[in-house]
Amino acid sequence: PTDNGYREWPWQLNRHEEWLNLARAYRITKDKKYADAFVELFESWLEQAIAPPVGTSGWETVCWRTIECGIRQGLKWPEIIHSFYDALPDNALVDWVKSVWEHANRLYNDNTGQHWMNNWFLMELNGLMHISIIYPFFKDSQKWFDFCMDSFMRCIDLQIYPDGAQFELTTDYQYVAILNYIKPIKLCNGYGKSVPQKMLDAVEKMLMFYVRFMRPDRKSPCINDGSFMDVKKVIKLSEGLFE
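Bear in mind the structure is a predicted one, so any value in this text is a computation, not a measurement. (Residues numbered from 1 in each chain as written. Predicted model: local features only at pLDDT ≥ 70, side-chain atom pairs only at ≥ 80, totals over all residues. Heavy atoms only, no water.)

(A) Inspection of the nonpolar core at higher detail. Ranked by internal contacts, the top residues of the largest apolar core, which has 68 residues, are Phe-38, Ile-80, Phe-84, Trp-96, Tyr-181 and Met-199. Of the residues forming this core, the biggest block, nine residues, is contributed by helix α9 (residues 197-213). Leave out the neighbours within four places in its chain, and Ile-80 touches His-16, Trp-19, Leu-20, Ala-23, Phe-38 and Trp-96. (Core = buried A, V, L, I, M, F, W, Y, C linked by side-chain atoms within 4.5 Å. Buried < 20%, exposed > 50% of the residue type's maximum accessible area, 1.4 Å probe, protein only. Helix = DSSP H or I, 4+ residues; strand = E, 2+ residues; numbered from the N terminus. Contact = heavy atoms within 4.5 Å.)

(B) Representation of the layout of surface pockets within the structure. The calculated volume of the largest pocket comes to roughly 410 Å³. Counting residues per element, the ones that place at least two in the lining of the largest pocket are α2 (17-29), α4 (66-84), α6 (119-134) and α8 (171-190). Taken together, the residues of the lining of the largest pocket break down into ten nonpolar, three polar and five charged. Computed from the structure, the second largest pocket encloses a volume of approximately 340 Å³. Contributing to the lining of the second largest pocket are 15 residues, with Arg-15, Ile-71, Leu-75, Met-123 and Val-176 lying nearest its centre. Top element by residues in the lining of the second largest pocket is α8. It accounts for six residues. Tallied by class, the residues present in the lining of the second largest pocket amount to nine nonpolar, two polar and four charged. (1 Å grid on protein atoms, 1.4 Å probe; cavity = no way out; pocket = protein on both sides within 12 Å on 5 of 7 lines; lining within 4 Å. Points joined across faces, edges and corners; volume = space filled by probe spheres on them. Nonpolar A, V, L, I, M, F, W, Y, C, P; charged D, E, K, R; others polar.)

(C) Spotlight on a nonpolar patch on the surface. Together, Tyr-6, Trp-9 and Leu-13 make up a nonpolar patch on the protein surface, roughly 390 Å² of accessible area in all. Examined against the element boundaries, Trp-9 turns out to sit in helix α1 (residues 8-13). (Patch = residues over 30% accessible without salt bridge, like charges linked within 9 Å, V, L, I, M, F, W, Y side chains within 5 Å. Areas by Shrake-Rupley, 256 points an atom, 1.4 Å probe, with all protein chains shown as cover. Salt bridge = Lys/Arg side-chain N within 4 Å of Asp/Glu carboxyl O.)

(D) Quick peek at helix α5 (residues 90-109). Between its first and last C-alpha, α5 extends 29 Å over 20 residues, near the 28 Å set by a 1.5 Å rise per residue. Buried within α5 we find Ala-92, Asp-95, Trp-96, Ser-99, Val-100, His-103, Ala-104, Arg-106 and Leu-107. Those residues of α5 that are buried are in contact with α2, α3 (32-48), α4, α6 and α7 (141-159). (Expected span 1.5 Å × (residues − 1).)

(E) Looking closely at the packing of aromatic side chains. Tallying each qualifying case throughout the model produces 25 aromatic pairs. Three or more aromatic residues joined by ring pairs form one cluster here, namely Trp-19, Tyr-26, Phe-38, Phe-42, Trp-45, Trp-64, Trp-77, Phe-84 and Trp-96. Stacked on the ring of Trp-64, the Lys or Arg Arg-72 has its end atom at 5.1 Å from the ring centre. Its guanidinium or amino end placed over the ring of Phe-145, Lys-193 lies 4.7 Å from that ring's centre, counting from NZ or CZ. (Phe/Tyr/Trp six-rings, centres within 6.5 Å; stacked < 30°, edge-to-face > 60°. Lys NZ or Arg CZ within 6 Å of the ring centre and 35° of its normal.)

(F) Representation of the side chain of Arg-65 within the structure. Its place among the elements puts Arg-65 in the loop between α3 and α4. Sequence-distant contacts of Arg-65, defined by excluding residues within four places in its chain, comprise Glu-8, Trp-11, Arg-15, Gly-58, Trp-59 and Trp-120.

(G) Representation of the packing of α6 against α7 within the structure. At their nearest, the axes of α6 and α7 sit 9 Å apart, and the two run at 150° to each other. Comparing their axes, α7 and α6 come out roughly antiparallel. α7 is crossed by α6, and the crossing has left-handed handedness. Side by side, α6 and α7 meet where Asn-119, Phe-121, Leu-122, Leu-125, Asn-126, Leu-128, Met-129, Ile-131, Ser-132 and Ile-133 of the first sit next to Ser-141, Trp-144, Phe-145, Phe-147, Cys-148, Met-149, Ser-151, Phe-152, Cys-155 and Gln-159 of the second. In terms of residue class, the contact of α6 with α7 is built from 14 nonpolar, six polar and no charged. (Axes fitted to C-alpha atoms, helices over the stretch in contact; angles between N-to-C directions. Parallel < 35°, antiparallel > 145°, perpendicular 65-115°, else oblique. Left-handed = near helix turned anticlockwise from the far one by under 90°.)

Such coordinate-based values are descriptive only and should not be taken to indicate function.
Put into structure tokens, the structure is as follows:
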């Protein structure tokens, strides 16, 4: 945190975008220096980023808000571990799995599901679902998966309007909702798990909302906490999902 207690810097930096860059560099080059750099960063992070007890507010932490936990596990860590798994020493791999479990414990017990209507919950669910599928050896993996699928289905009714707009009515959170439905759908498809048709229909409806209200330059209007989103790139996320 900065001197005035502003914590957005550490929260954002603890989404681990730089680890993802190392992973992609390693996949391209297979140069061990990238794997070594990652292990050094990961072990250093692990020593400092102690998982808080269940019930601790994310606002009391500098890197354990549930939104960061969901982003790490749903959007960053899966690609990272699939990139580095053949280059990690055993101790780092064990530490990694322990930390993944700590993330799952926090996402299951301290999520924002009591609100149901926000995009944070979708990011939390995406992260927990990735853990439940990629790490099936955890004894609670099936319980986590069932919780995520049930919650995703309920959020369709609570968060998505009949015209496809997400409840918070911002052009960026619309994208967040789409992304955090598409990611688990593609994950389930890849691991042979069925996805309810209602989930696919919800994604199509949210995508078509972008198509209907985009500007002539195919950018979304900057509404609420939003931006001029490139609608073509958003639509491309669904590649392979629909005929």
